[in-house]
Amino acid sequence: EKGGYDHFMLKEIYEQPRAIKDTFRGRLLADQGIIRMAGIDQNLERFLNAKRIIIVACGTSWHAGLVAEYIFEDLARIPVEVEYASEFRYRNPVITENDVLIAISQSGETADTLAAIKLAKENGAFVFGVCNVVGSSIARETDAGAYTHAGPEIGVASTKAFTTQITVLTLLALKLAKEKGAFTESRFHELLTEIEGIPQKVERALESNTLIEIISEVYKDSTNFLYLGRGYNFPVALEGALKLKEISYIHAEGYPAAEMKHGPIALIDEQMPVVVIATKKGHYEKVVSNIQEIKSRKGKIIAIVTEGDTQVRELADHVIEVPESSENLSPLLTTIPLQLLSYHIAVMRGCNVDQPRNLAKSVTVE
Ligand code: M6R
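In this text the structure is predicted, and so the values were computed from the model without any measurement.

**Here we look at the overall build of the chain**
Within the chain, the regular secondary structure consists of 16 helices and twelve strands. What you see for the chain is a C-alpha radius of gyration of 20 Å, in line with the 21 Å of a compact globule of 366 residues. When its C-alpha atoms are laid out on the principal axes, the chain stretches across 55 × 45 × 45 Å. Expressed as a percentage of the 366 residues in the chain, the buried residues total 60%. Considering only contacts within the chain whose residues lie at least 6 apart along the sequence, 75% involve residues at least 24 apart. Accessible surface computed for the chain: about 14500 Å², of which carbon and sulfur atoms make up 48%.

In structure tokens, the structure reads:
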């Protein structure tokens with residue numbers, strides 16, 4: 001059932017090229033220059049008239065929501081708020097009929113997310129679900145939705161659910177951006193073609209597995225990790241840190257790289273591995289100077305870079321390459337090495353990767 005892999009998590013990491021492809025298949029019609037998604041097509045006016053999009057989710061799904069915030073605001077120019085469902089439901093939030101609420105949930109059973117949906121519906125918002133499990137409570141409770149076609153995710157640590165959530169949300173944002181006239185036919189076509197090429201690039205990112213295993217060996221006994229990223233890759237840093245905490249029980253924190261100097265920099269010494277996402281597009285030079293700041297305090301740098309990078313290679317202790325992409329799509333690639341890093345470290349520490357202590361696959365109690 002694990003298809004020859006030692007753990008479900010590893011199998012699911014390797015399924016991502018297929019899962020992403022299944023998620024855009026039949027929806028993304030690059031040659032015709034269209035994105036077809038029934039749940040959106042039938043409710044297009046609600047989306048286009050939305051004064052704001054509120055995204056609610058928990059855990060990894062919340063991180064996918066943060067990536068979506070960048071895409072929606074950047075491309076579709078719709079104001080977005082992203083909230084932990086558990087906070088949203090209890091803080092007496094302002095919700096109106098002009099809001100669209102997007103709930104993201106792999107299992108479709110997360111109690112807090114379900115409660116946030118009910119609250120939004122009571123206040124007249126249009127509620128859209130992004131779920132993986134067909135027929136789940138959230139899928140049934142929402143007004144409309146789009147499934148991620150990741151297939152069953154067994155490992156407690158979410159991997160393919162995350163990248164397929166980002167895929168669905170990217171399609172949604174691009175579709176709305178196109179409807180709003182945000183880009184020319186040719187730019188739209190370019191982006192669609194680039195998405196079609198992502199599964200193959202994920203395949204290439206997976207080829208770093210052996211290198212990541214070697215790096216994991218060096219840091220498996222560390223007691224702390226810092227993850228840094230900027231822009232679209234800030235949520236990826238959060239996700240990388242969550243993955244490590246969850247399955248290896250090493251304390252890890254994700255930060256926007258520029259926030260480092262407002263506190264976390266005090267933690268850096270020769271014992272501290274810092275994973276930095278430093279891909280070419282999007283704030284590259286600024287991230288390079290963040291790396292220099294860490295180096296001068298003797299921190300150890302594990303950098304995720306674009307293929308062929310030379311500048312970061314000179315500074316970092318280790319570099320892991322991912323194929324080049326536009327910044328909007330880079331989270332789908334930069335996430336891969338972080339998943340593998342947490343996986344190998346957890347295995348080397350003898351942890352129960354698929355069923356980490358104290359955690360359940362779906363959190364059906366608040
Ligand atoms: O099923 P959901 O997407 O609603 O679950 C949300 C979180 O419980 C989940 O993402 C959790 O954080 C994962 N174990 C992270 O790997």
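**A word on the pattern of salt bridges**
Summed over all chains, the structure comprises 23 salt bridges. Ionic pairing is found between Arg89 and Asp112, a salt bridge with its closest N-O pair at 2.6 Å. With Arg89 in the loop between helix H6 (85-88) and strand E5 (99-105) and Asp112 in helix H7 (residues 111-122), the pair connects residues that are 23 residues apart, well separated along the chain. Each member of the pair, Arg89 as well as Asp112, carries the same accessibility label: buried. Between Lys220 and Glu217 there is a salt bridge, and its shortest N-O distance comes to 3.0 Å.

**Some details on the site of the ligand**
Around the ligand, the surrounding shell holds 13 residues, and the nearest of these are Ser61, Ser105, Ser107, Thr110 and Glu246. Contacts to the ligand include Thr110, whose side-chain N or O atom sits 2.4 Å from an oxygen atom. Residue Ser158 places a main-chain N or O atom 2.8 Å away from an oxygen atom belonging to the ligand. Surface burial for the ligand is 91%, taken as the share of its 410 Å² of free accessible area covered by protein chains. Within the residue set of the shell around the ligand, elements represented by two or more residues are helix H5 (59-76) and helix H13 (234-248). If one sorts the elements of the shell around the ligand by residue count, H5 sits on top with three residues. By residue class, the composition of the shell around the ligand is three nonpolar, eight polar and two charged.

**Some thoughts on the pairing of strand E6 (residues 126-131)**
Strand residues, when the strand is regular, have side chains that alternate between the two faces of the sheet. Of all six residues in E6, six are buried, a share of seventy percent or more. Relative to E6, E5 is paired through six bridges, and the arrangement is parallel. When the bridges of E6 are listed, Ile102 appears paired with Phe128. Handedness of the crossover joining E5 and E6 through H7 is recorded here as right-handed. As defined by bridge partners, E6 adjoins strand E7 (residues 144-147) across four bridges and the pair is classed as parallel. The partner of Cys131 across the bridge, within E7, is Tyr147.

**Topic: the sheet that holds strand E4 (residues 80-84)**
The strand order E4-E3-E5-E6-E7 describes an open sheet built from five strands, whose pairing is parallel. Of all strands in the sheet, those bounded by a partner on one side alone are E4 and E7. Strand-to-strand twist across the sheet, computed as the mean angle between neighbouring axes with direction ignored, equals 20°. The strands touched by H5 are strand E3 (52-57), E4 and E5; relative to E4, the strand with the most contacts, the crossing angle is about 175°. Contacts from helix H9 (residues 160-179) reach E5, E6 and E7 within the one sheet, and its direction differs from that of E5 by about 160°.

**Some details on unusual backbone geometry**
In the Ramachandran plot, Asn92 falls in the positive-phi region, its phi being about 55° despite a non-glycine side chain. Turning to its location among the elements, Asn92 is positioned in the loop between H6 and E5. Positive phi outside glycine occurs at Lys298, with the angle close to 70°. Residue placement: Lys298 occurs in the loop between helix H14 (284-295) and strand E11 (300-306).

**Brief notes about helix H11 (residues 198-206)**
Buried within H11 are the following residues: Ile198, Pro199, Lys201, Val202, Ala205 and Leu206. Down the axis of H11, the smallest arc covering the buried residues is 160°, so these residues share one side. Contact partners of the buried residues in H11: helix H1 (8-14), helix H2 (16-24), helix H10 (185-196), helix H12 (209-219), strand E12 (318-322) and helix H16 (331-348).

**Some thoughts on the pairing of E12**
Counting buried residues along E12, four of its five residues qualify, which places the element largely inside the surrounding structure. As paired strands, E11 and E12 are joined by five bridges and run parallel to one another. Of the residues in E12, the one forming a bridge with Ala303 is Val319.

Scoring rules and cut-offs
Residues numbered from 1 in each chain as written. Predicted model: local features only at pLDDT ≥ 70, side-chain atom pairs only at ≥ 80, totals over all residues. Heavy atoms only, no water. Helix = DSSP H or I, 4+ residues; strand = E, 2+ residues; numbered from the N terminus. Rg over C-alpha atoms; globule rule 2.2 N^0.38 Å. Buried < 20%, exposed > 50% of the residue type's maximum accessible area, 1.4 Å probe, protein only. Contact = heavy atoms within 4.5 Å. Areas by Shrake-Rupley, 256 points an atom, 1.4 Å probe, with all protein chains shown as cover. Salt bridge = Lys/Arg side-chain N within 4 Å of Asp/Glu carboxyl O. Near = heavy atom within 4 Å. Polar contact = N/O pair within 3.5 Å; in protein donor to acceptor, adjacent residues only side chain to side chain. Nonpolar A, V, L, I, M, F, W, Y, C, P; charged D, E, K, R; others polar. Pairing = 2+ DSSP bridges. Right-handed = clockwise from strand over helix to strand, strands pointing away. Axes fitted to C-alpha atoms, helices over the stretch in contact; angles between N-to-C directions. Arc of directions from axis to C-beta.

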